[in-house]
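Spelled out, the chains give:
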Amino acid sequence: MSGKPARARFTEERGEGELPSPVDDRSVAARLFAILDAFTTPTLASSLSLTAIAERAGLPLSTTHRMVAEWVSWGGLARQDDGRYSLGMRLWEVGVQTPTARNLRTIALPYLEDLYESSREHVHLAILDGRDALYLEKLSGHHAVRVISRVGGRLPLHSTGVGLVLLAYAPNDLIDEYLSDALDKYLPGTVTSPEELRRRLAGIRAQGVAVMSEEMTAGSSSLAAPIRDRTGRVVAAVSIVTRTNPDAPRKPHPAHEQAVRAAAHGVSRALGYRRSDS
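Residues numbered from 1 in each chain as written. Predicted model: local features only at pLDDT ≥ 70, side-chain atom pairs only at ≥ 80, totals over all residues. Heavy atoms only, no water.

A. Local environment of the overall build of the protein. For the protein, the count of helices and strands is nine helices and ten strands. Out of the 278 residues in the protein, the part that is buried amounts to 47%. Long-range contacts, defined here as pairs at least 24 residues apart, represent 55% of the contacts in the protein between residues at least 6 apart. Carbon and sulfur atoms form 52% of the exposed surface of the protein, whose accessible area is close to 14600 Å². (Helix = DSSP H or I, 4+ residues; strand = E, 2+ residues; numbered from the N terminus. Buried < 20%, exposed > 50% of the residue type's maximum accessible area, 1.4 Å probe, protein only. Contact = heavy atoms within 4.5 Å. Areas by Shrake-Rupley, 256 points an atom, 1.4 Å probe, with all protein chains shown as cover.)

B. Up close: the packing of aromatic side chains. This structure, assessed with the given rule, holds two aromatic pairs. Judged by centre distance (6.5 Å) and plane angle (50°), the ring pair of Phe33 and Trp71 falls under tilted. Highlighted residues: Phe33 in helix α1 (residues 28-37) and Trp71 in helix α3 (residues 61-74), separated in sequence by 38 residues. The class of Phe33 is partly exposed, set by a relative accessible area of 39%. Using a relative accessible area of 11% as the deciding quantity, one classes Trp71 as buried. Judged by centre distance (5.7 Å) and plane angle (70°), the rings of Trp71 and Trp74 are edge-to-face. (Phe/Tyr/Trp six-rings, centres within 6.5 Å; stacked < 30°, edge-to-face > 60°.)

C. Structural detail: unusual backbone geometry. For Arg120, which is not glycine, the phi dihedral falls at a positive 55°. On the secondary structure map, Arg120 appears in the loop between α5 (99-119) and β5 (122-129). Even without a glycine there, the phi angle at Glu214 is positive, about 50°. Mapped onto the fold, Glu214 is located in the loop between β8 (210-213) and β9 (220-228).

D. A look at empty space enclosed by the protein. Overall, the coordinates contain one cavity of 30 Å³ or more when judged by the stated rule. Contributing to the lining of the largest cavity are 21 residues, with Thr160, Met216, Ser220, Ser222 and Val241 lying nearest its centre. Of all the secondary structure elements, the ones that give two or more residues to the lining of the largest cavity are α6 (161-168), β8, β9 and β10 (234-243). (1 Å grid on protein atoms, 1.4 Å probe; cavity = no way out; pocket = protein on both sides within 12 Å on 5 of 7 lines; lining within 4 Å. Points joined across faces, edges and corners; volume = space filled by probe spheres on them.)

E. Main features of helix α9 (residues 254-270). The end-to-end C-alpha distance of α9 is 24 Å, a good match for the 24 Å that 17 residues give at a rise of 1.5 Å each. Buried residues of α9: His256, Ala259, Val260, Ala263, Ala264, Gly266, Val267 and Ser268, and no others. In the segment just after α9, Gly272 is the residue with positive phi, at about 105°. (Expected span 1.5 Å × (residues − 1).)

F. Looking closely at the sheet that holds strand β6 (residues 132-139). Taken together, the six strands give an open sheet; going across it, the order is β7-β6-β5-β10-β9-β8, and neighbouring strands pair in antiparallel fashion. Two strands lie at the open edges of the sheet, namely β7 (154-156) and β8, each paired on one side alone. On average, adjacent strands in this sheet sit at an angle of 30° to one another, irrespective of strand direction. Note: β9 against β10, nine bridges, orientation antiparallel. Bridge assignment links Pro226 to a residue of β10, and that residue is Ala237. (Pairing = 2+ DSSP bridges. Axes fitted to C-alpha atoms, helices over the stretch in contact; angles between N-to-C directions.)

G. Geometry of the packing of α6 against helix α8 (residues 194-207). Interhelical geometry of α6 versus α8 gives an angle of 85° and a closest axis separation of 9 Å. One finds that α6 runs roughly perpendicular with respect to α8. Of α8, the residues touching α6 (which contributes Leu164, Val165, Leu167 and Ala168) are Leu197, Arg200, Leu201, Ile204 and Arg205. Looking at the contact of α6 with α8, its residues break down into seven nonpolar, no polar and two charged. (Parallel < 35°, antiparallel > 145°, perpendicular 65-115°, else oblique. Nonpolar A, V, L, I, M, F, W, Y, C, P; charged D, E, K, R; others polar.)

H. View of the layout of surface pockets. As a volume, the second largest pocket reaches approximately 270 Å³. If you go around the second largest pocket, the residues you meet are Gln207, Gly208, Ala225, Pro226, Arg228, Arg261, Ala264, His265, Ser268, Tyr273 and Arg275. Class assignment for the residues of the lining of the second largest pocket results in four nonpolar, four polar and three charged.

I. Quick look at the nonpolar core. Counting residues in each nonpolar core, the largest one holds 26 residues, and the members touching the most others are Ala133, Val162, Leu164, Leu167, Leu201 and Ile204. Going through the elements one at a time, β6, α6, α7 (172-180), α8 and β8 are the ones with two or more residues in this core. Tallying contributions element by element places α6 first for this core, with six residues. Core analysis: the second largest hydrophobic core is formed by 24 residues, Val123, Val238, Ala259 and Ala263 among them. (Core = buried A, V, L, I, M, F, W, Y, C linked by side-chain atoms within 4.5 Å.)

J. Molecular detail of the pairing of β8. When β8 meets β9, the two strands line up antiparallel, connected through four bridges. Within β9, the position partnered with Val211 by the bridge is Leu223. The turn joining β8 and β9, which pair antiparallel and follow one another in sequence, is formed by six residues; a positive phi near 50° is taken by Glu214.

Shown next as structure tokens:
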């Protein structure tokens, strides 16, 4: 919608200091959706300035200002403390009711169940939402280690297995923004150093799996892997949470690692992803 060419004549609608702009024959609805498109086209952005939104949407700054205010009022956009804008929670609240959101859980569930049957440990499916890992599904055994995750709940990215995976494959501006803030240290083993976390994220991208131990809940360790859509973009993460092995707290059981990788690969293939070397 936002990429539709404008006609070559000019309109007088402009803000102070702006040059005349080509007439935009898009409908009001198309212009509103162009503002949302600005956050994904040409590249995914976690936050944008008003000027950047206007440039990406192909709208005059004055028009963008009015329409962004409408989105903020409804909850579709959120204004941050630095004046930039990000996608708002109202979009997610509507989105989880859509077939697409339900389809992710429906498609993933058989692979999550297989992972649970093979491990008898907690199994999680999560997506990135703002600065959090948002849990879409959780399968648990009666004797699995105690954890605080829940379906519909949120946990920090830097202190959970699924969160680290989602952060590792997030846009660079989101990573920079996340690591620029002071990070909470939940347990002595929680990694909060930006430099160490950057090395850790690079390792996750290289290895294709995240391993962590006792960084959110005492006595638990997590092993997580990325789920990709047909374009290759990481859209979710799957994990198992096990009791920590005191002799090798950050060395996953080979069978568990294989099972998590297989589950992530299975969901990815079901979403249409095909590796270039396959």
